[in-house]
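These are the residues of each chain, in order.
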There are 2 protein chains.
Amino acid sequence: MAEKNAYNIAVVGATGAVGKKILQILEEKNFPINELKVLASKRSAGKTIEFKGEEKTIEEATPESFNGVDIALFSAGGSVTKALANEAVERGAVVIDNTSAFRMTEGVPLVVPEVNKEDIKDHKGIIANPNCSTIQMVAALSPIKETFGLSRIIVSTYQAVSGAGDHAISELEKQTEQYVNGKEMEANVLPVGSEEKHYPIAFNALPQIDVFSDGGYTQEEWKMINESKKILHDQELSVAATCVRLPVFTSHAESVYIEIDKDDVTVEDLWKVLESAPGIVLQDEPSKQVYPTPLSSADKDEVFVGRVRKDPDKANGFHLWIVSDNLVKGAALNTVQIAQSVVDNNWL
Amino acid sequence: MAEKNAYNIAVVGATGAVGKKILQILEEKNFPINELKVLASKRSAGKTIEFKGEEKTIEEATPESFNGVDIALFSAGGSVTKALANEAVERGAVVIDNTSAFRMTEGVPLVVPEVNKEDIKDHKGIIANPNCSTIQMVAALSPIKETFGLSRIIVSTYQAVSGAGDHAISELEKQTEQYVNGKEMEANVLPVGSEEKHYPIAFNALPQIDVFSDGGYTQEEWKMINESKKILHDQELSVAATCVRLPVFTSHAESVYIEIDKDDVTVEDLWKVLESAPGIVLQDEPSKQVYPTPLSSADKDEVFVGRVRKDPDKANGFHLWIVSDNLVKGAALNTVQIAQSVVDNNWL
């Protein structure tokens, strides 16, 4: 296909937490758009949304919606992706999907552009955007792996409610108000909307994100384990995860332990690698209380790293604290960056 | 000393978050008290406090306060302990101290009764109560160590604001109200009152508890590392910690990775050990969404353990989620349990 100057873009799930961020970032980054379609479920069809000062009418997403679309950005849940992604591809669109539907499918590139942009060119129509908690972790660890090798990751997450969508955001807001007004907190959404039991998230921490699966791990934990190996092209890498939801609106934080392939590396060596890594900002000055937090990282594009320490006992072991806005780099921005890589390299 | 039926008890720091809990637990457990002195700073002297339906007048803690006292329970901060603990010992009292002042001092037993009660009998007047985040972790890991051996601990904590005292509790309440009312959140207390910078804790997570120290670790992290080795009588044990403060009022949670000395142990084997361990409650049924949380553990005496999983790659590696009320087992209850062990065994 000849290179174009502007592209027909469809955003599927335009009314959701991630879809709204995608539109905002397409606008901010001045993505080369010829025509923009904003698609959602039948329920939202007919509503309007503002983009670059113009009112756009939301249309119901159907197979025909993708006629003439160059790039379709999906973030409407796994079932919508499964129903419509292949329809979009058949009509000539490249799909960049934010759900877990095709992430582990053989032949579907799973991409964090700073890490494995080149994988995009092998796509067969669908490119998957990794899980939010995976993206920020591999973005920070990939440059370390490139420089010093990497054999092991143990991660404990501190994840924001916005990762569970708009209903979870509302639930934290509502429970917080209930608490402040001395009322009992009502739980209907978290940890997982479709599960039987719900627990309050306000002033709490829930060690369940997504449903439980093999070996007592949750799906979210398996996503971090399997996706990290796929993105980093290393099936031998040991990865273990414990995923925990917090009463935080925006940004995931991660306490990460790694083992590298060298015994003589210092914290300063790691700092040097992180400082020059694309998309990474080092915030690590303990003497000045400088380290990233969810609030300080919100609405920012980068992945922030601090608290880099050598393990007290293991010469090749290090601990890091990795924080990023889960809706920005963890979802919408990474999606738009994949789209940008597609058009920049003519990988349509 | 001959065994008594009832003891003269002093509570130092009776107006603080832990001191109030100590009084509550002494009352609930019907501790054998002859005379109770409630001591605090000059500022609180003259105020009254209720104990077993009686008004007790708070006195200023001075060296003379300890004349005739059998057991003095200190929780008024390290400087008060340093100023008065030896004065109390000289006057014949056994001091059980909740601060970090003497925890690592040679000859001072550091005790979690379920783990190392016998250490109490070697005391020279002062017995130290460990750090809250250490207590719950070693309570759960000690029975595992006894049964299968233990070579390594990597812990990431999820700690409640009440561990930083009443001012931190008020700060989270105030910031929450400010947020709900659309105002900017004011930060004056956390992460550390005496430090230069303060960050909001509401809807945030702060990877700093206590001040920074060697190797980029905080004092809280070193406490977990050093105290665990002392309590478990194992200087060879590898321990690393990342301590994080959350917008949670009560109960600390911990994501803990351990390596044991055997490769053929199953999750069921670990469950069996934990189920029969003193002070431990196993809450681990993923299929029924059963696991402990800070809210579900608040105001309870036990240490709750869930999410027990075998590491995906390491045959001797396991992950656990350990939760307990940081003011109860993490502080006041453990202190009272030490006092109970002292009187039960005539270790005065």
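Residues numbered from 1 in each chain as written. Chains lettered and ligands numbered in written order. Predicted model: local features only at pLDDT ≥ 70, side-chain atom pairs only at ≥ 80, totals over all residues. Heavy atoms only, no water.

Peer 1: Explain the sheet that holds strand 13 (residues 303-310) of chain B to me, please; I cannot follow it from the model alone.
Peer 2: Two orientations exist for strands paired in a sheet by backbone hydrogen bonds: parallel and antiparallel. Residues and elements named next belong to chain B. The six strands are arranged 10-9-11-14-13-12 in an open sheet whose pairing can be described as mixed. Bordering the open sheet on either side are strand 10 (238-242) and strand 12 (280-282), each of which pairs with just one other strand. Averaged over all adjacent pairs, the angle separating strand axes in this sheet is 25°, with direction ignored. The pairing of strand 9 (residues 150-158) with strand 10 spans five bridges and is parallel. Following the sheet pairing, Val155 is matched in strand 10 by Ala241. Helix 7 (residues 267-275) rests against strand 12, strand 13 and strand 14 (317-324) of the sheet, and its axis sits at about 170° to strand 13. (Pairing = 2+ DSSP bridges. Helix = DSSP H or I, 4+ residues; strand = E, 2+ residues; numbered from the N terminus. Axes fitted to C-alpha atoms, helices over the stretch in contact; angles between N-to-C directions. Contact = heavy atoms within 4.5 Å.)

Peer 1: Whenever I open this one, the pairing of strand 9 of chain B confuses me. Can you help?
Peer 2: In summary, the side chains of a regular strand alternate between the two faces of the sheet. Residues and elements named next belong to chain B. Along strand 9, eight of the nine residues are buried, which leaves the element largely enclosed by surrounding structure. Bridging between strand 9 and strand 11 (residues 252-260) involves eight bridges; their strand directions are antiparallel. Along strand 11, the bridge assignment pairs Ile154 with Tyr257. (Buried < 20%, exposed > 50% of the residue type's maximum accessible area, 1.4 Å probe, protein only.)

Peer 1: Explain the UniProt feature "binding site: NADP(+)" (unreviewed entry) in chain A here, please?
Peer 2: Residue and element names in this part refer to chain A. In the numbering used here, UniProt assigns the "binding site: NADP(+)" (unreviewed entry) feature to Thr15, Gly16, Ala17, Val18, Arg43, Ser44, Ser162, Gly163 and Asn326. Taken together, the annotated residues stretch across 312 residues and extend over separate regions, lying up to 26.1 Å apart by C-alpha. Positionally, Thr15 belongs in the loop between strand 1 (7-12) and helix 1 (17-28). The class for Thr15 is partly exposed, based on a relative accessible area of 31%. Once residues lying within four places of it in the same chain are set aside, the contact partners of Thr15 are Lys20, Ala40, Ser44, Ile58 and Asp166. (UniProt positions renumbered as here; feature names shortened; annotations may be inferred.)

Peer 1: Before we go on, may I ask you to explain the relation of the copies chain B and chain A in this structure?
Peer 2: There are two copies of the chain, and a rotation about an axis plus a shift along that axis relates them. Superposing chain B onto chain A takes a rotation of 180° plus a shift of 0.0 Å along the axis, which leaves an RMSD of 0.0 Å. The superposition operator between the copies reduces to a two-fold rotation axis. Interface overlap between copies is the fraction of interface residues in one copy that are interface residues in the other; for chain B against chain A it reaches 100%, indicating a shared surface. (Least-squares fit on C-alpha atoms with pLDDT ≥ 70 in both.)

Peer 1: How do you make sense of helix 5 (residues 166-180) of chain A when you look at a structure like this?
Peer 2: In an α-helix there are 3.6 residues to a turn, and that puts residues three or four apart on one side. Its 15 residues place the ends of helix 5 of chain A 21 Å apart at the C-alpha level, agreeing with the 21 Å of an ideal helix rising 1.5 Å per residue. Those residues of helix 5 of chain A lying buried are Ala168, Ile169, Glu171, Leu172, Gln175, Thr176 and Gln178 of chain A. Buried residues in helix 5 of chain A make contact with helix 5 (166-180) of chain B. Where helix 5 of chain A terminates, the next one or two residues include Gly182 of chain A, which has phi positive at roughly 70°. (Expected span 1.5 Å × (residues − 1).)

Peer 1: Teacher, can you tell me more about the packing of helix 4 (residues 132-148) of chain B against helix 6 (residues 219-231) of chain B here?
Peer 2: In a packed pair of helices, the relevant descriptors are the angle between the two axes and the axis-to-axis distance. All names here are of chain B. Two numbers describe how helix 4 lies on helix 6: the axes approach to 9 Å, and their chain directions differ by 40°. Here helix 4 lies oblique to helix 6, going by the angle between them. When the axes of helix 4 and helix 6 are compared, the crossing they make is right-handed. Residue-level inspection shows Ser133, Thr134, Met137 and Val138 of helix 4 in contact with helix 6, the latter providing Glu220, Lys223, Met224, Glu227, Ser228 and Ile231. Class assignment of the residues belonging to the contact of helix 4 with helix 6 gives a composition of four nonpolar, three polar and three charged. (Parallel < 35°, antiparallel > 145°, perpendicular 65-115°, else oblique. Left-handed = near helix turned anticlockwise from the far one by under 90°. Nonpolar A, V, L, I, M, F, W, Y, C, P; charged D, E, K, R; others polar.)

Peer 1: Is there a simple way to explain the interface of chain B and chain A in this structure?
Peer 2: How large an interface is tends to be reported as the accessible area lost when its parts come together. At the junction of the two partners, chain B supplies 65 residues and chain A supplies 65 residues. Taken over both partners, the interface formed by chain B and chain A buries close to 5,200 Å², and the fraction arising from carbon and sulfur atoms is 58%. Sorting the residues of chain B by area buried against chain A places Phe203, Gln289 and Arg307 of chain B first, and these three jointly supply 13% of that buried surface. Taken together, the links from chain B to chain A amount to eight salt bridges. In this structure, the salt-bridge partner of Glu259 of chain B is Arg152 of chain A, at a minimum N-O distance of 3.1 Å. (Buried area = accessible area lost by both parts, 1.4 Å probe. Salt bridge = Lys/Arg side-chain N within 4 Å of Asp/Glu carboxyl O.)

Peer 1: Can you help me understand the environment of Val69 of chain B in this one?
Peer 2: Residues and elements named next belong to chain B. Checked against the element boundaries, Val69 lands in the loop between strand 5 (59-60) and strand 6 (71-74). Residue Val69 is classed as buried on the basis of its relative accessible area, which comes to 4%. Between the alpha carbons of Val69 and Glu186 there is a distance of 43 Å; along the sequence they are 117 residues apart. The residues contacting Val69, other than those within four sequence positions of it, are Asn8, Ile9, Ala10, Lys37, Gly92 and Ala93.

Peer 1: Is there a simple way to explain the domain arrangement of chain A in this structure?
Peer 2: Residues and elements named next belong to chain A. Assigned domains within chain A: domain 1 (7-130 + 331-344) and domain 2 (134-326). Measuring from the centre of the C-alpha atoms in domain 1 to the corresponding centre in domain 2 gives 25 Å. Overall, the association of domain 1 and domain 2 removes approximately 1,600 Å² of surface from exposure, summing both partners, and the carbon and sulfur fraction of that is 60%. Of all residues in domain 1, Met104, Glu114 and Val115 bury the most surface against domain 2, accounting for 28% of the area lost on that side. (Domains from an automatic or database assignment.)

Peer 1: What should I look at first to understand the pairing of strand 14 of chain B in this one?
Peer 2: Residue and element names in this part refer to chain B. Most of strand 14 sits inside the fold, with eight of its eight residues counted as buried. Side chains of strand 14 alternate between two faces, with Gly317, His319, Trp321 and Val323 and Phe318, Leu320, Ile322 and Ser324 buried alike. As judged from the eight bridges shared by strand 11 and strand 14, these two strands associate in the antiparallel manner. When the bridges of strand 14 are listed, Val256 appears paired with Leu320. The antiparallel hairpin formed by strand 13 and strand 14 contains six residues in its connecting segment.

Peer 1: How should the environment of His233 of chain B be read in this particular structure?
Peer 2: Tracing the backbone shows His233 of chain B in the loop between helix 6 and strand 10. The spacing of His233 of chain B and Thr99 of chain B is 134 residues in sequence and 20 Å in space, taken between C-alpha atoms.

Peer 1: Where do I start with the packing of aromatic side chains in this structure?
Peer 2: On inspection of all chains with the given rule, the structure shows 17 aromatic pairs over all chains. Ring geometry for Tyr158 of chain A against Tyr158 of chain B: centres 4.0 Å apart, planes inclined by 15°, an arrangement best described as stacked. Taken as a pair, Tyr158 of chain A in strand 9 (residues 150-158) and Tyr158 of chain B in strand 9 lie in two separate chains rather than in one. An angle of 70° between the planes, with centres 5.1 Å apart, marks the rings of Tyr158 of chain B and Trp321 of chain B as edge-to-face. Residue Tyr158 of chain B is found in strand 9, and its partner Trp321 of chain B is found in strand 14; the two are separated by 163 residues along the sequence. Among the residues examined, Tyr158 of chain B registers a relative accessible area of 1% and is labelled buried. Site record: aromatic cluster; members linked through ring pairs are Tyr158 and Trp321 of chain A together with Tyr158 and Trp321 of chain B. (Phe/Tyr/Trp six-rings, centres within 6.5 Å; stacked < 30°, edge-to-face > 60°.)

Peer 1: Help me understand the sheet that holds strand 10 (residues 238-242) of chain A in this model?
Peer 2: All names here are of chain A. Strand order in the open sheet formed by six strands is 10-9-11-14-13-12, and the pairing between neighbours is mixed. Whereas interior strands pair on both sides, the edge strands pair on one side only; in this sheet they are strand 10 and strand 12 (280-282). Within this sheet the neighbouring strands show an average axis-to-axis angle of 25°, counted without direction. Contacts from helix 6 (residues 219-231) reach strand 9, strand 10 and strand 11 (252-260), with the element oriented near 155° to strand 10.

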